Amino acid sequence: MSDHATQAGLAMHALTVQALNVQLGEREVLRQLSLQIPRGRWTAIVGPNGAGKSTLLRALAGMRASNQKQSGDVFLQGRKLADWNGRERAKALAWLGQNQPVSADMAVYDVVMLGRLPHQGWLAPASSADRQAVEQALKRTHAWDWRQRSIGQLSGGERQRVLLARALAVQASTLLMDEPLANLDPPHQTDWMLTARSLVQQGMTVVSVLHELSFALLADEIIVMQAGQVTHQGSCSDPASHAALEAVFEHRIQVRELDGLWLALPRLR
Ligand SMILES: Nc1ncnc2c1ncn2[C@@H]1O[C@H](COP(=O)(O)OP(=O)(O)OP(=O)(O)O)[C@@H](O)[C@H]1O
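Here the structure is a predicted model, which is why all the values come from computation and not from measurement. (Residues numbered from 1 in each chain as written. Predicted model: local features only at pLDDT ≥ 70, side-chain atom pairs only at ≥ 80, totals over all residues.)

### Remarks on the overall build of the chain
In step 1: Assigned secondary structure in the chain consists of 9 helices and 12 strands.
In step 2: A compact globule built from 269 residues should have a C-alpha radius of gyration of about 18 Å, and the chain, at 19 Å, falls within 12% of that.
In step 3: Within the chain, the proportion of its 269 residues that are buried is 35%.
In step 4: Of the contacts formed within the chain by residues at least 6 apart in sequence, a portion of 64% connects residues at least 24 apart. (Helix = DSSP H or I, 4+ residues; strand = E, 2+ residues; numbered from the N terminus. Rg over C-alpha atoms; globule rule 2.2 N^0.38 Å. Buried ≥ 20, exposed ≤ 12 C-beta atoms within 10 Å, placed from the backbone. Contact = placed C-beta atoms within 7 Å.)

Spelled out as structure tokens, the structure:
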């Protein structure tokens, strides 16, 4: 393939991973992993504990642990992550991680405003576009009423909704989320899912690591991981994806349809 065709192929995808190896300390966590994440779709990453899902998501975001060695390439919109200007990358790629540290004294509004930093000039005050993005994000996650409270005073689920608002306030074209449903009650899990869907309808790319398999099956595409490798990638409605999911969890779960939705249920016998 010509360089031009390769470049066009890469640009078609939000993210492309080529032959990625990640070692954390002495442990080989990702091994020769290659995949492509389509633009404008919601992709869920699933797999057993320790499969390497969070490590993959962090690599997609260009984050490295202090004891990490890495080879292979990650491309964002056809360009190597390392070739992006930091501010432009921060505008293009938003991140919601697990247990993200936030100063407990900070007001909720200010926490969400941090999501606007890539859009702001050095020491420049927030613009009306920044304030509008923050308000919209806080209202979308039903956190607007707490805007003056300190984040340290919130429950785990309330805090998670504020951090989701911070990620939404970036207004990036790609949103990476690691276990976004952690601590959310069922109605807010549903709200999160509807938010993911509406972002995708607006053309955004959403990538989420999920343990809640019935929510993962509501995505467009599913990536199944095991022992540092991708064992399957396909549409969430494809029977081959359901088979891969059942297999990776040792047939301790089963995928069934109810009212047009795919559900992952425990297999008791
Ligand atoms: N900083 C680290 N140093 C050494 N090993 C690590 C480090 N972080 C994670 N690991 C190991 O890397 C492997 C993959 O971890 P990772 O967090 O990516 O898995 P995961 O699929 O997200 O798991 P879970 O579902 O439990 O969140 C695990 O075996 C874990 O013990």
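From this point, the narrative continues.
### Some details on the pairing of strand β9 (residues 221–226)
For a regular strand, side-chain orientation follows a simple rule: the groups alternate between the two sheet faces.
In step 1: The pairing of strand β3 (residues 42–46) with β9 spans 4 bridges and is parallel. Residue pairing in the sheet places Val46 in a bridge with Val224 of β9.
In step 2: Pairing between β9 and strand β10 (residues 229–235): 6 bridges, direction antiparallel. From the neighbouring strand, Gln226 faces β10, where its bridge partner is Gln229.
In step 3: Between the end of β9 and the start of β10, which pair antiparallel, lie 2 residues, with Ala227 showing a positive phi angle near 45°. (Pairing = 2+ DSSP bridges.)

### A short note on the pairing of strand β12 (residues 261–266)
In step 1: Here 6 bridges tie strand β11 (residues 253–258) to β12, and the two strands are oriented antiparallel to one another. Bridged to Val255 within β12 is Ala264.
In step 2: The loop that links β11 with its antiparallel partner β12 comprises 2 residues; one of these, Asp259, has a positive phi angle of about 50°.

### Some points on the site of the ligand
In step 1: Neighbouring the ligand are 14 residues, the closest being Leu24, Asn49, Lys53, Ser54 and Thr55.
In step 2: At the level of secondary structure, the elements contributing two or more residues to the shell around the ligand comprise β2 (27–38) and α2 (53–60).
In step 3: The dominant element in the shell around the ligand, judged by the number of residues it contributes, is α2, at 3 residues. (Near = placed C-beta within 6 Å.)

### Overview of the sheet that holds β10
In step 1: Taken in spatial order, the 6 strands make up an open sheet running β6-β7-β8-β3-β9-β10, and their pairing is mixed. This sheet does not close on itself; its edge strands, each paired only once, are β6 (93–96) and β10. Taking the axes of each pair of neighbouring strands and ignoring which way they run, one obtains an average angle of 15° across the sheet.
In step 2: Here strand β7 (residues 174–178) pairs with strand β8 (residues 205–209) via 5 bridges, running parallel. (Axes fitted to C-alpha atoms, helices over the stretch in contact; angles between N-to-C directions.)

### Describing unusual backbone geometry
In step 1: Despite not being glycine, Gln32 shows a phi value in the positive range, around 45°.
In step 2: Structurally, Gln32 can be placed in strand β2.
In step 3: Judged by local crowding, Gln32 falls into the exposed class, with 12 C-beta atoms found within 10 Å.
In step 4: In this structure, Ala227 is a non-glycine residue whose phi angle is positive, near 45°.

### With respect to the UniProt feature "domain: ABC transporter" (unreviewed entry) in the chain
In step 1: As recorded in UniProt, the sites labelled "domain: ABC transporter" (unreviewed entry) are residues 15–252.
In step 2: When the span residues 15–252 is considered, its composition is 33% helix and 27% strand, and the gap between its end C-alpha atoms is 32 Å. (UniProt positions renumbered as here; feature names shortened; annotations may be inferred.)

### Description of the packing of helix α5 (residues 128–140) against helix α6 (residues 156–169)
In step 1: Across the interface, α5 lies against α6 with an axial gap of 8 Å and an inter-helix angle of 140°. The pairing of α5 with α6 is recorded here as oblique in orientation. Here α5 runs over α6; the crossing is right-handed. Mapping the contact onto sequence places Ala133, Val134, Ala137, Leu138 and Arg140 in α5 and Ala165, Leu168 and Ala169 in α6.
In step 2: Of the residues belonging to the contact of α5 with α6, the class tally is 7 nonpolar, no polar and 1 charged. (Parallel < 35°, antiparallel > 145°, perpendicular 65-115°, else oblique. Left-handed = near helix turned anticlockwise from the far one by under 90°. Nonpolar A, V, L, I, M, F, W, Y, C, P; charged D, E, K, R; others polar.)

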